[in-house]
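# Observations on chain architecture
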Amino acid sequence: MGLPDELRALAAEVSNWGRWGEDDELGTLNLIDGEAVARGVAAARTGARIPLAIRLDANGPQMGNVPGRINPLHTMVAINQTYTGGDGDACFNDDTVTMGLQAGTHWDSLAHVSYDGLLYNGFPASSVTADRGVGRCGIHKVTSVVSRAVLLDVARAKGVDMLDGGYPITEADLEAAVELAGIRPEPGDIVLVRTGKMALLKARDREGYTLSPSPGLAVGTVRWLRRHDVAAVATDTFTLEVIPGEDPAVLFPVHMIQLRDMGLLQGQNFDLEALGAHCAADGVYEMLLVANPEPFTGGAGAPTAPVAVK
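Here's what I pulled together on the structure shown here. (Residues numbered from 1 in each chain as written. Predicted model: local features only at pLDDT ≥ 70, side-chain atom pairs only at ≥ 80, totals over all residues. Heavy atoms only, no water.)

Scanning the protein for helices and strands turns up 9 helices and 15 strands. For 310 residues, the compact-globule estimate of 2.2 N^0.38 gives 19 Å, and the protein sits close to it at 20 Å. Considering only C-alpha atoms, the protein reaches an extent of 70 × 50 × 40 Å along its principal axes. For the protein, the residues scored as buried account for 50% of the 310 residues in total. Here the protein carries 24 positive and 39 negative side-chain charges, and the mean point of each set is 3 Å from the other. (Helix = DSSP H or I, 4+ residues; strand = E, 2+ residues; numbered from the N terminus. Rg over C-alpha atoms; globule rule 2.2 N^0.38 Å. Buried < 20%, exposed > 50% of the residue type's maximum accessible area, 1.4 Å probe, protein only. Lys, Arg positive; Asp, Glu negative; His and termini not counted. Charge placed at Lys NZ, Arg CZ, Asp CG, Glu CD.)

Structure representation (C-alpha cells):
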C-alpha cells in the first residue's frame, strides 16, 4: 500500500514541492549556500581527516535482499600489459567493476522513490525508463555535497555501543544527541546519525548488519529534519529508517516522505565508528564534510567516499 491518510498529512506538512521553483531537481541541497560551506570550512580546525566509506568489495552489505543490487565484481582486463612488447617499456594494469550503484556507502537520488506516479516536485515517475535511466532528479544533478556536518551519536547519547535492532529513533533521541554534541544543526547542514550498527559489518557479520532488524529513523523525525532545514541525512545502517517499520502495513515510509516529498538527500552505509570515537575524545561534533557522489548519468543513486575534516 502507499501512504495512509495520517502519513499523507505529514508528507504535505513537510513538503518542499515548489519551494525552489517548479523545475527544481535538487531539493534540500539548495540549502547548501556559501554561508553553509563557510561554516563547514570554519569547523575544520585541526586538519584531522576521517574517511566514512566502507570498502567496495565482495564482502559488502548486499545479501540478495534487494534484487539486482550486487556487491562489486572486480575483474582485471590488463595485467602488466605493454603496448609495444619491448623489454623495459611501460606496462599497464586495468580493471573493470560491475556493481549496484547503491551497493556500498552511497547517496540515494531523489528519484530513488516515487508513489502515486510522482517523484519529487511533481515530476512523473514515468521519467525513469530502461533506456535513459532516471530522467528527472537523477544523481548526476548533484554536483556537490560539501557543507558543515553534525554528528548526532544517538547510541552514545543513550549510553550504549549499539542501538537494539528495530529501535525507532525519535525526535527526543535526536535532541538527546544534540545535547551530547553541544551544537544544533543549522540550515544547509548535513546530519550524520550514528546507531553503532556498522560495527557488525566491520566485524564481517554481514547477515547481522543487513538481514537482521535494524535501528533507524522513525517517521516522526521527518518533522525535526524539516524544521532544522537539514540539507542531507545519512546513517550507519543498511536502510536508514527503522526495520521492521512502525506500521507493518507501510513499507519504507521515511524513504517516501524524505525523498519524494521533502526532496531530502539520503545516505546509507556510512562508517561512523572512527568519527564517533574521535568526536567523543575531543568533544567536537561538527566538521567539514566532503561527500560528492559519482555523477552517473541517469543514476538512482551513486557511491560516495565521504571524508570528515575536523
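For the rest of this paragraph, the subject is empty space enclosed by the protein. As enumerated under the stated definition, the model contains 1 cavity of 30 Å³ or more in all. Estimates place the volume of the largest cavity at around 40 Å³. Around the largest cavity, the lining residues are Glu-25, Leu-26, Leu-29, Ser-109, Leu-110, Cys-137, Gly-138, Lys-141, Val-142 and Leu-265. Taken together, the residues of the lining of the largest cavity break down into 6 nonpolar, 2 polar and 2 charged. (1 Å grid on protein atoms, 1.4 Å probe; cavity = no way out; pocket = protein on both sides within 12 Å on 5 of 7 lines; lining within 4 Å. Points joined across faces, edges and corners; volume = space filled by probe spheres on them. Nonpolar A, V, L, I, M, F, W, Y, C, P; charged D, E, K, R; others polar.)

The next thing to look at is the environment of Leu-259. Looking at the secondary structure, you find Leu-259 in helix α8 (residues 253-262). Residue Leu-259 is classed as buried on the basis of its relative accessible area, which comes to 0%. Excluding residues within four positions of it along the chain, Leu-259 makes contact with Asp-108, Ser-109, Leu-110, His-112, Val-113, Tyr-120, Val-254, Leu-264 and Gln-266. (Contact = heavy atoms within 4.5 Å.)

Turning our attention to the packing of helix α1 (residues 5-14) against α8. What describes two packed helices is the angle between their axes and the distance between those same axes. Packing of α1 against α8 brings their axes to within 9 Å, and their N-to-C directions diverge by 35°. Relative to α8, α1 is oriented so that their crossing is right-handed. Touching Leu-7, Leu-10, Ala-11 and Val-14 of α1 are Pro-253, Ile-257, Asp-261 and Met-262, all from α8. Its residues assigned to classes, the contact of α1 with α8 comprises 7 nonpolar, no polar and 1 charged. (Axes fitted to C-alpha atoms, helices over the stretch in contact; angles between N-to-C directions. Left-handed = near helix turned anticlockwise from the far one by under 90°.)

So, on to the environment of Val-142. The residue Val-142 is located in the loop between β6 (133-134) and β7 (146-153) in this model. Owing to a relative accessible area of 7%, Val-142 belongs among the buried residues under this scheme. Along the primary structure Val-142 and Pro-293 are separated by 151 residues, whereas in three dimensions their C-alpha atoms are 7.3 Å apart. Once residues lying within four places of it in the same chain are set aside, the contact partners of Val-142 are Leu-26, Leu-29 and Pro-293.

Here we take up the packing of aromatic side chains. Evaluated as defined, the whole model comprises 2 aromatic pairs. Ring centres 5.3 Å apart and planes at 50° place the aromatic pair Tyr-83 and Phe-92 in the tilted group. Residue Tyr-83 is classed as exposed on the basis of its relative accessible area of 67%. Residues Trp-107 and Phe-270 carry aromatic rings whose centres are separated by 5.2 Å and whose planes lie at 65° to one another, so their mutual orientation is edge-to-face. Of this pair, Trp-107 sits in strand β4 (residues 106-108) while Phe-270 sits in the loop between β12 (265-268) and α9 (273-282); the two residues are 163 residues apart in sequence, bridging distant segments of the chain. Owing to a relative accessible area of 0%, Phe-270 belongs among the buried residues under this scheme. Sitting over the face of the ring of Tyr-115, Arg-260 holds its NZ or CZ atom 3.7 Å from the ring centroid. (Phe/Tyr/Trp six-rings, centres within 6.5 Å; stacked < 30°, edge-to-face > 60°. Lys NZ or Arg CZ within 6 Å of the ring centre and 35° of its normal.)

Coordinates in, geometry out; function isn't part of it.
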